[in-house]
Amino acid sequence: MTDSNSSPAVRLITITENQDGQRLDNFLITALKGAPRTLVYRIVRTGEVRVNKGRVKPEYRLQIGDVVRVPPVRLAEKEDVVVPSQQLSNSLANRIIYRQDGIIVLNKPSGLPVHGGSGVAYGAIEALRAIYPQTEFLELVHRLDRDTSGLLMISDKRSVLRVLHEQLRDGKMQKVYLALLAGKLKGANHKVTAPLDKNNLASGERVVRVSREGKAAETHFKVIERFEDCTLVEARPLTGRTHQIRVHAQFLGHPILGDEKYCSNELNKTAKDKWGLNRLFLHAQEVSLQLPNQEKPLQLNCPLAPELVQVLEKLRNARV
């Protein structure tokens, strides 16, 4: 994004590759940080916003070279923004396992949300923006639950983000998770197609339930290793619903150990006392995707978090 000010108040912003194809209303919400959508639509409707000196509608798709006139707007003063600590930024910088071709792939630790909100000051995306302050565009390709570790993809190029979102929608991006399920899961392979519905409790907590009125969801589970009281599986989600793997595991009758929402306190306490499991045993291990202008798919692998490796070592030692 390049700026040249025609006056101290009005900005003329020339659209670059990073904004190419973006809707005008979404572009303005980013350019006018803190502005409500109602204000954005009003200044477009009244002609205060112009593209190439002409009026356009909010849904207009910006093109490279367009010049957008952004008027001054008065916004309520915001509280000081909380930025990630230098220690967290350094730690995440060391966890970046791939950065080229328009994507950044991070080995996200358990306990770190992917973005701020809902009482959380910041998450992985805000930390990455602090690590790369000169990068104009940084957006999440997908999301991971706060307590899930492993591969998290971020794009620093809008054209690449569009392609990856299409692959996610079309089911062409393959993701593999490792999960430790409670109990002995019979059979080698299971396909769960139970539809999922999101609900917000009175406390504000979000939970997901299997429901006929829910959205279609599909997860494939493959048994990797069996232990006395639990089963290690690969989980391949073909859709990307909130808490999908966790709820589908619960639907199988074998919830993921360490899951405070969908696994019982008794099972979680046993896993903690016997094997030292202090977190959700769900790890985003592999991803396969097709990047623009590349013939071969990009395949990335993220090693299992050390604390989960220790749990598996205890389980294996217990049966020797």
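Not measured: the values here are computed from a predicted model.

For the protein chain, the count of helices and strands is eight helices and 16 strands. Across its three principal directions, the C-alpha atoms of the protein chain cover 75 × 45 × 40 Å. In the protein chain, buried positions account for 44% of the 320 residues. Put simply, of all contacts in the protein chain between residues at least 6 apart along the chain, 61% involve residues at least 24 apart. As displayed, the protein chain has an accessible area near 17,600 Å², and 47% of this comes from carbon and sulfur atoms. Charge-centre separation for the protein chain: the mean point of 48 positive side chains lies 3 Å from the mean point of 35 negative side chains.

Considering the arrangement of structural elements, one finds Arg-279 in the loop between α7 (265-275) and β15 (282-289). A residue is classified by how much of its surface remains accessible, and Arg-279, at 12% relative accessible area, is buried. A polar atom in the side chain of Arg-279 sits 3.2 Å from the backbone oxygen of Leu-282. Excluding residues that lie within four positions of it along the chain, Arg-279 makes contacts with Ser-110, Asp-147, Thr-148, Ser-149, Leu-257, Gly-258, Ala-305, Glu-307 and Leu-308.

Turning to the pattern of salt bridges, a few remarks are in order. In the structure shown here, the tally under the stated rule is 12 salt bridges. Note that Arg-42 and Glu-48 form a salt bridge whose closest N and O atoms lie 3.9 Å from each other. Exposure remark for Arg-42: the relative accessible area of 38% places this residue in the partly exposed category. Linking Asp-229 and Lys-274 is a salt bridge whose minimum nitrogen-to-oxygen distance equals 3.2 Å. Remark: Lys-274 occurs in helix α7 and Asp-229 occurs in the loop between β13 (219-226) and β14 (230-237); sequence separation between them is 45 residues. A residue is classified by how much of its surface remains accessible, and Lys-274, at 46% relative accessible area, is partly exposed.

Packing of helix α1 (residues 24-31) against helix α2 (residues 37-45) brings their axes to within 10 Å, and their N-to-C directions diverge by 120°. Between α1 and α2 the crossing geometry is right-handed. Every residue of α2 that contacts α1 at Leu-24, Asp-25, Asn-26, Leu-28 and Ile-29 is listed here: Arg-37, Val-40, Tyr-41 and Val-44. For the contact of α1 with α2, the class distribution of residues is six nonpolar, one polar and two charged.

Residue position: Ser-288 is located in strand β15. If we ignore the near neighbours within four places in the chain, the residues touching Ser-288 are Lys-172, Met-173, Gln-174, Pro-297, Leu-298 and Gln-299.

The next point concerns a positive patch on the surface. Where like charges cluster on the molecular surface, the positive patch consists of Lys-198, Arg-206, Lys-215 and Arg-241. Structurally, Arg-241 can be placed in the loop between β14 and α6 (244-252).

This part takes up empty space enclosed by the protein. Within the structure shown, the criterion is met by one cavity of 30 Å³ or more. One number sums up the size of the largest cavity: a volume of about 40 Å³. Surrounding the largest cavity, His-142, Leu-151, Met-153, Lys-175, Val-176, Tyr-177, Ala-284, Glu-286 and Val-287 form its lining. Of all the secondary structure elements, the ones that give two or more residues to the lining of the largest cavity are β8 (149-155), β9 (174-182) and β15.

One can expect most non-glycine residues to show negative phi and most peptide bonds to be in trans. Positioned with a positive phi, Lys-53 is a non-glycine residue whose angle comes to about 70°. Within the secondary structure layout, Lys-53 lies in the loop between β3 (50-51) and β4 (67-70). Phi at Asp-101 is positive, roughly 60°, even though this residue is not glycine. Here Asp-101 shows up in the loop between β5 (96-100) and β6 (103-108).

Conventions and cut-offs
Residues numbered from 1 in each chain as written. Predicted model: local features only at pLDDT ≥ 70, side-chain atom pairs only at ≥ 80, totals over all residues. Heavy atoms only, no water. Helix = DSSP H or I, 4+ residues; strand = E, 2+ residues; numbered from the N terminus. Buried < 20%, exposed > 50% of the residue type's maximum accessible area, 1.4 Å probe, protein only. Contact = heavy atoms within 4.5 Å. Areas by Shrake-Rupley, 256 points an atom, 1.4 Å probe, with all protein chains shown as cover. Lys, Arg positive; Asp, Glu negative; His and termini not counted. Charge placed at Lys NZ, Arg CZ, Asp CG, Glu CD. Polar contact = N/O pair within 3.5 Å; in protein donor to acceptor, adjacent residues only side chain to side chain. Salt bridge = Lys/Arg side-chain N within 4 Å of Asp/Glu carboxyl O. Axes fitted to C-alpha atoms, helices over the stretch in contact; angles between N-to-C directions. Left-handed = near helix turned anticlockwise from the far one by under 90°. Nonpolar A, V, L, I, M, F, W, Y, C, P; charged D, E, K, R; others polar. Patch = residues over 30% accessible without salt bridge, like charges linked within 9 Å, V, L, I, M, F, W, Y side chains within 5 Å. 1 Å grid on protein atoms, 1.4 Å probe; cavity = no way out; pocket = protein on both sides within 12 Å on 5 of 7 lines; lining within 4 Å. Points joined across faces, edges and corners; volume = space filled by probe spheres on them.

Worth remembering: the numbers are spatial, not functional.
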